[in-house]
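# Coordinate analysis (summary)
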Amino acid sequence: MIEFRLDRGSGVATYLQLVQQVRHALRLGVLQPGDRLPTAKEVVARLAINPNTVLKAYRELEREGLVAGRPGLGTFVQRSLGQTSMDDRARLRAELVRWVRDGRQAGLTLEDLEALIASVLTDSFRQEIA
């Protein structure tokens with residue numbers, strides 16, 4: 001089951017942070033169709049947030065067709081977002097871990113690494129379109 005976490009200093013609305021975390025978990029294969037999301041009560045107890053915030057996030061995910069609520073049972077994943085195999089993801093993740101480790105050893109900060117990744121992603125998708 002997914003464990004939500006909040007970055008209160010990010011400037012991103014709490015409900016959007018929850019939505020983004022579910023999307024990421026779906027893309028990475030952490031959540032699969034049929035998995036149950038934590039109940040609003042469980043999320044509220046863990047994160048000390050308003051229950052309406054959790055419900056808003058779950059409604060957004062439902063609107064996108066990613067989850068569905070079942071009265072009395074909970075909210076369940078309906079579909080995945082990942083398009084690649086778990087083996088490919090694991091291999092790519094391992095390569096990325098090595099790359100980040102090399103970057104940190106070279107003295108790059110978190111912000112440096114984020115900027116470099118964003119730059120490469122942007123360039124890569126621009127080249128694909130052109």
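Quick caveat, the model's predicted, so the values are computed rather than measured.

Our next topic: the pattern of salt bridges. This model, assessed by the stated rule, comprises seven salt bridges. With a shortest N-O distance of 3.7 Å, Glu42 and Arg36 are connected by a salt bridge. A relative accessible area of 37% places Glu42 in the partly exposed class. Accessibility expressed as a relative area gives 25% for Arg36, which makes it partly exposed. The shortest N-O distance in the salt bridge between Glu95 and Arg91 comes to 3.2 Å. Linking Glu95 with Arg91, this pair stays in helix α4 (residues 86-105), spanning four residues, or about one helical turn.

This brings us to the UniProt feature "domain: HTH gntR-type" (unreviewed entry) in the protein chain. As annotated by UniProt and renumbered to match this structure, "domain: HTH gntR-type" (unreviewed entry) occupies residues 12-80. Here residues 12-80 runs as 52% helix and 12% strand, with 24 Å between its end C-alpha atoms.

This part is about the domain arrangement of the protein chain. The domain boundaries assigned to the protein chain delineate domain 1 (14-77) and domain 2 (86-129). Averaged C-alpha coordinates put domain 1 and domain 2 at centres separated by 28 Å.

As a packed pair, helix α2 (residues 40-47) and helix α3 (residues 51-63) sit with axes 9 Å apart at the nearest point and diverge in direction by 125°. The angle between α2 and α3 falls in the class oblique. Classified by chirality, the crossing of α3 by α2 is right-handed. Facing Ala40, Val43 and Val44 of α2, the residues of α3 in contact are Pro51, Val54, Leu55 and Tyr58. When grouped by side-chain class, the residues that make up the contact of α2 with α3 number seven nonpolar, no polar and no charged.

The rules behind the values
- Numbering of residues starts from 1 in every chain and runs along the sequence as written.
- This being a predicted model, a pLDDT of at least 70 is required before a residue's local features are given, and a value of 80 or more before pairs of side-chain atoms are given or counted; all residues contribute to the totals for chains, interfaces and linings.
- Side-chain descriptors were evaluated using all non-hydrogen atoms of the structure, hydrogens and water having been removed beforehand.
- By salt bridge we mean one thing: a side-chain nitrogen of Lys or Arg within 4 Å of a carboxyl oxygen of Asp or Glu.
- Exposure categories follow from relative accessible area, calculated using a 1.4 Å probe and restricted to protein chains: below 20% of the type maximum is buried, above 50% is exposed, and the middle band is partly exposed.
- Helix and strand definitions follow DSSP, with helices as H or I runs of at least four residues and strands as E runs of at least two, each counted in order from the N terminus.
- UniProt positions are given in the numbering used here, feature names are shortened, and annotations may be inferred rather than shown by experiment.
- Each domain's limits were defined by an automated method or a database of domain assignments.
- Every axis in this analysis is a line fitted to C-alpha atoms, fitted for helices over the stretch in contact. Angles between the N-to-C directions lie between 0 and 180 degrees.
- Should an angle fall under 35 degrees it is taken as roughly parallel, and over 145 as roughly antiparallel, whereas 65 to 115 is taken as roughly perpendicular and any remaining angle as oblique.
- Left-handed is the label given to a crossing in which the near helix is rotated counterclockwise from the far helix by less than a right angle, and right-handed is the label when the rotation is clockwise.
- Residue contacts are counted whenever heavy atoms from the two residues lie within 4.5 Å of one another.
- Note on residue categories: nonpolar means Ala, Val, Leu, Ile, Met, Phe, Trp, Tyr, Cys or Pro, charged means Asp, Glu, Lys or Arg, and polar means any other residue, Gly included.

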